Amino acid sequence: QVQLVESGGGSVQAGGSLRLSCAASGGTLGSSSMAWFRQAPGKEREGVAVIFSDGRTTYADSVKGRFTISQDNAKKILYLQMISLKPEDSAMYYCAAGVPRNSPFSGAAHYWGQGTQVTVSS
């Protein structure tokens, strides 16, 4: 019964930066793959970045070179550092734990957070 709570969202101008955090509590997460997803109005939820238990990472083509996913295992916090933000990055961002290794962006996960809003203006 792991709980995930996102924070760090907000409104920034294009070209700005934000760092999102996802804190896990309420149980033992163990060794699992964790990911960030996002959903904009009128669009389907899409995978953004995933970090596997061995530390390897995968990113959506739209964010490669701009976003970095990382985690602090001791504090049980997942991060998403976002730079050079674009208006098309505006969305509700969700963290997920326990995504499938072979298809991490499929939308399946053991746990989901409630989301944090990111708005990028031009």
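Residues numbered from 1 in each chain as written. Predicted model: local features only at pLDDT ≥ 70, side-chain atom pairs only at ≥ 80, totals over all residues. Heavy atoms only, no water.

Undergrad: Sorry if this is basic, but what is going on with the overall build of the chain here?
TA: Within the chain one finds 0 helices and 11 strands. What you see in the chain, going N to C, is helices and strands ordered as β-β-β-β-β-β-β-β-β-β-β. Relative to the compact-globule value of 14 Å for 122 residues, the chain shows a C-alpha radius of gyration of 13 Å, a close match. Projected onto its principal axes, the C-alpha positions of the chain cover 40 × 25 × 25 Å. In the chain, buried positions account for 40% of the 122 residues. Considering only contacts within the chain whose residues lie at least 6 apart along the sequence, 57% involve residues at least 24 apart. Just so you have it, the chain exposes about 6,400 Å², and 46% of that area is on carbon and sulfur atoms. Side chains of the chain give 11 positive and 8 negative charges; the mean places of these two sets differ by 4 Å. (Helix = DSSP H or I, 4+ residues; strand = E, 2+ residues; numbered from the N terminus. Rg over C-alpha atoms; globule rule 2.2 N^0.38 Å. Buried < 20%, exposed > 50% of the residue type's maximum accessible area, 1.4 Å probe, protein only. Contact = heavy atoms within 4.5 Å. Areas by Shrake-Rupley, 256 points an atom, 1.4 Å probe, with all protein chains shown as cover. Lys, Arg positive; Asp, Glu negative; His and termini not counted. Charge placed at Lys NZ, Arg CZ, Asp CG, Glu CD.)

Undergrad: Would you mind going over the packing of aromatic side chains with me for this structure?
TA: Working definition: an aromatic ring pair is given by the centre-to-centre distance plus the angle between the planes. Within the structure shown, the criterion is met by 2 aromatic pairs. Ring geometry for Phe-37 and Phe-105: centres 6.3 Å apart, planes at 80°, overall edge-to-face. Residue Phe-37 is located in strand S4 (residues 34-39), and its partner Phe-105 is located in the loop between strand S9 (91-97) and strand S10 (111-112); the two are separated by 68 residues in the primary sequence. Over the ring of Tyr-94 we find Arg-45, and its NZ or CZ is 4.0 Å from the ring centre. (Phe/Tyr/Trp six-rings, centres within 6.5 Å; stacked < 30°, edge-to-face > 60°. Lys NZ or Arg CZ within 6 Å of the ring centre and 35° of its normal.)

Undergrad: What exactly am I supposed to notice about the sheet that holds strand S8 (residues 77-82) here?
TA: Each strand in a sheet pairs with its neighbour through backbone hydrogen bonds, running either in the same direction (parallel) or in the opposite one (antiparallel). Pairing in this open sheet of 4 strands is antiparallel, and the strands run S1-S3-S8-S7 from one edge to the other. Two strands bound the open sheet, and with one partner strand each, they are strand S1 (3-7) and strand S7 (67-72). Each strand of the sheet is rotated relative to its neighbour by a mean of 15°, with strand direction disregarded. Across 6 bridges, strand S3 (residues 18-25) lies against S8 in antiparallel orientation. (Pairing = 2+ DSSP bridges. Axes fitted to C-alpha atoms, helices over the stretch in contact; angles between N-to-C directions.)

Undergrad: Would you mind going over the layout of surface pockets with me for this structure?
TA: Rolled over the atoms, a probe sized like a water molecule indicates the empty space that remains. Space inside the second largest pocket adds up to approximately 160 Å³. Its residues placed into classes, the lining of the second largest pocket shows 2 nonpolar, 3 polar and 8 charged. (1 Å grid on protein atoms, 1.4 Å probe; cavity = no way out; pocket = protein on both sides within 12 Å on 5 of 7 lines; lining within 4 Å. Points joined across faces, edges and corners; volume = space filled by probe spheres on them. Nonpolar A, V, L, I, M, F, W, Y, C, P; charged D, E, K, R; others polar.)

Undergrad: Where do I start with the state of the cysteines in this structure?
TA: Note on terminology: disulfide describes a covalent bond linking the sulfur atoms of two cysteines. This structure, assessed with the given rule, holds 1 disulfide. The disulfide partner of Cys-22 is Cys-95, and the gap between their sulfur atoms is 2.0 Å. Across the S-S bond linking Cys-22 and Cys-95, the dihedral sits near 50°, which makes this disulfide right-handed. Placement of Cys-22 in strand S3 and of Cys-95 in strand S9 is noted, with a sequence separation of 73 residues between them. The class for Cys-22 is buried, based on a relative accessible area of 1%. (Disulfide = S-S within 2.5 Å.)

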